[in-house]
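Summary of the model geometry
Chain by chain, the residues:
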Amino acid sequence: MLVSWNTTNACNLYCKHCYRDSGTRAEKELNTEEGKKLIDEIAGAGFKIMIFSGGEPLMRDDIYELVQYAAGAGLRPVLGSNGTLINPETAARLKKAGAMAVGISLDSTDPARHDDFRASSGAWQGAVDGMRACREAGLLFQVHTTVMEWNSVEIEALTDLSVNLGARGHHIFFMVPTGRAVNIETETLRAEQYEELLHRIIVKQGQVDIELKPTCAPQFMRIARQMGVDMRFSRGCLAGTAYCIISPLGDVQPCAYLNIPLGNVRKVPFHQIWRDNEVLQKLRTMEYSGGCGTCRFTKICGGCRARAYYYHGDYMAEEPWCLYHGRKG
């Protein structure tokens, strides 16, 4: 199981698709001691992987202390970063603190297109320099790409670039309209495009040694099964079953894109929210409506619960961008 903590709303970029609408540090973000208490509760709840994200987690002065504490609590600390603040010294400090890997965003092979999407000149070069700093420090890293219509043709080339840069994996995120991303919803892929790109990613996986992982497109599990390809993952959508996220202020929600507050860790212990919350318990039933409720691939796919919520207003509804969901059996 894995959990993501948005450690801060502060960020040095202003990306067009940010689900957290990050930029300025929020008032009353969890402090260092509250963060350590949260880490203890996360470890006690049986989670194994702790993702420190943001905003930009490296804008927290205590991030190294928190990473070290998580490692000491028996968790596997990893970071989600835009990479622009990672230099050789930063990478070495993260490695020494116990960070196991860093996910760094790169959305195009063309620096200008990446910089436009991230609303910051030099963001592409900063991300690549950050990857190189990680490699030199012996800190594992993977590339994160948010796929849109405009960069969907670049995915295989981005995988090749990831290999050349020394990445351990390339994770492709299929955007869900949340936060600032609602302003660019029309630029997202639709069902036929999802299907075609997921086929391409699975084919590409057979050509490279690094891990390729579509994220927020759980139907990749169904497509891989149909193609006769064995993926090491057990399930597509993990929201509320093996994954959740905590905001900078301590609000828990089922995933980054399913913006349903479940409780606040300042008021209710995290492990209690994770165990008892009614929304999470309902998600765990997998008793979906529509096509997802009749699909024979439900247990390995699950449909994107956040996308169902955005388009249908019901997190248990069918995944809207799946070609298969209307079929029975």
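Structure's up top.
Summarised in this report is the structure supplied together with it. (Residues numbered from 1 in each chain as written. Predicted model: local features only at pLDDT ≥ 70, side-chain atom pairs only at ≥ 80, totals over all residues. Heavy atoms only, no water.)

1. Some remarks on the overall build of the chain
Secondary structure assignment for the chain yields twelve helices and ten strands. Computed over C-alpha atoms, the radius of gyration of the chain comes to 19 Å, within 12% of the 20 Å expected from 2.2 N^0.38 for 329 residues, which places it in the range of a compact globule. By its C-alpha atoms, the chain is 55 × 45 × 35 Å across when sized along the principal axes. Relative to its 329 residues, the chain shows a buried fraction of 59%. Once local pairs closer than 6 in sequence are excluded, the contacts in the chain between residues at least 24 apart make up 69%. (Helix = DSSP H or I, 4+ residues; strand = E, 2+ residues; numbered from the N terminus. Rg over C-alpha atoms; globule rule 2.2 N^0.38 Å. Buried < 20%, exposed > 50% of the residue type's maximum accessible area, 1.4 Å probe, protein only. Contact = heavy atoms within 4.5 Å.)

2. So, the pattern of salt bridges
Summed over all chains, the structure comprises 18 salt bridges. Measuring nitrogen to oxygen at the nearest pair gives 2.7 Å for the salt bridge that ties Lys 36 to Glu 65. Within this pair, whereas Lys 36 is found in helix α1 (residues 32–44), its partner Glu 65 is found in helix α2 (residues 63–72), the two being separated by 29 residues in sequence. Under the relative-accessibility criterion, Glu 65 is labelled partly exposed at 37%. (Salt bridge = Lys/Arg side-chain N within 4 Å of Asp/Glu carboxyl O.)

3. Regarding empty space enclosed by the protein
Tallied over the entire structure, the rule returns two cavities of 30 Å³ or more. The computed volume of the largest cavity comes to approximately 100 Å³. Lining the largest cavity we find 13 residues, and of these Cys 292, Cys 295, Cys 301, Gly 303 and Cys 322 sit closest to its centre. Partitioning the lining of the largest cavity into residue classes produces six nonpolar, five polar and two charged. Approximately 40 Å³ is the volume found for the second largest cavity. Lining the second largest cavity we find Ile 155, Glu 156, Thr 159, Ile 172, Leu 197, Arg 200, Ile 201, Lys 204 and Leu 212. In terms of residues, the lining of the second largest cavity owes the most to one element, helix α7 (residues 191–205), which gives four residues. Of the residues belonging to the lining of the second largest cavity, the class tally is five nonpolar, one polar and three charged. (1 Å grid on protein atoms, 1.4 Å probe; cavity = no way out; pocket = protein on both sides within 12 Å on 5 of 7 lines; lining within 4 Å. Points joined across faces, edges and corners; volume = space filled by probe spheres on them. Nonpolar A, V, L, I, M, F, W, Y, C, P; charged D, E, K, R; others polar.)

4. Here we look at the packing of aromatic side chains
Evaluated as defined, the whole model comprises ten aromatic pairs. Arranged with centres 5.3 Å apart and planes meeting at 70°, the rings of Phe 117 and Trp 150 form a pair that is edge-to-face. Here the residue Phe 117 occupies a position in helix α4 (residues 111–117), and Trp 150 occupies one in the loop between β5 (140–147) and α6 (155–165), the gap between them amounting to 33 residues. A relative accessible area of 21% means that Trp 150 is categorised as partly exposed. Ring centres 4.8 Å apart and planes at 85° place the aromatic pair Tyr 310 and Tyr 311 in the edge-to-face group. Judged by relative accessible area, Tyr 310 falls into the partly exposed class, the value being 36%. Overall, Tyr 311 belongs to the partly exposed group, its relative accessible area being 27%. One aromatic cluster in this structure is built from Phe 47, Phe 270 and Trp 274. Its end group placed over the ring of Phe 233, Lys 213 keeps NZ or CZ at 5.3 Å from the ring centre. The side chain of Arg 284 reaches across the aromatic face of Trp 274, ending 4.4 Å from its centre. (Phe/Tyr/Trp six-rings, centres within 6.5 Å; stacked < 30°, edge-to-face > 60°. Lys NZ or Arg CZ within 6 Å of the ring centre and 35° of its normal.)

5. A few points about the environment of Gly 46
Note on placement: Gly 46 falls in the loop between α1 and β2 (49–53). Under the relative-accessibility criterion, Gly 46 is labelled partly exposed at 30%. As for Gly 46 and Met 1, which are separated by 45 residues in sequence, their C-alpha atoms are 7.4 Å apart.

6. Quick look at the pairing of strand β6 (residues 169–174)
Across a regular strand the side chains alternate sides, sitting on one face of the sheet and then on the other. Counting buried residues in β6 gives six out of six residues, a clear majority hidden from the surface. The alternating pattern of β6 places Gly 169, His 171 and Phe 173 and His 170, Ile 172 and Phe 174 on opposite faces, both of which are buried. In this region the chain leaves β5, passes through α6 and returns to the parallel neighbour β6; the handedness of that crossover is right-handed. Strand direction decides the pairing type here: β6 and strand β7 (residues 211–215), joined by five bridges, are parallel. (Right-handed = clockwise from strand over helix to strand, strands pointing away. Pairing = 2+ DSSP bridges.)

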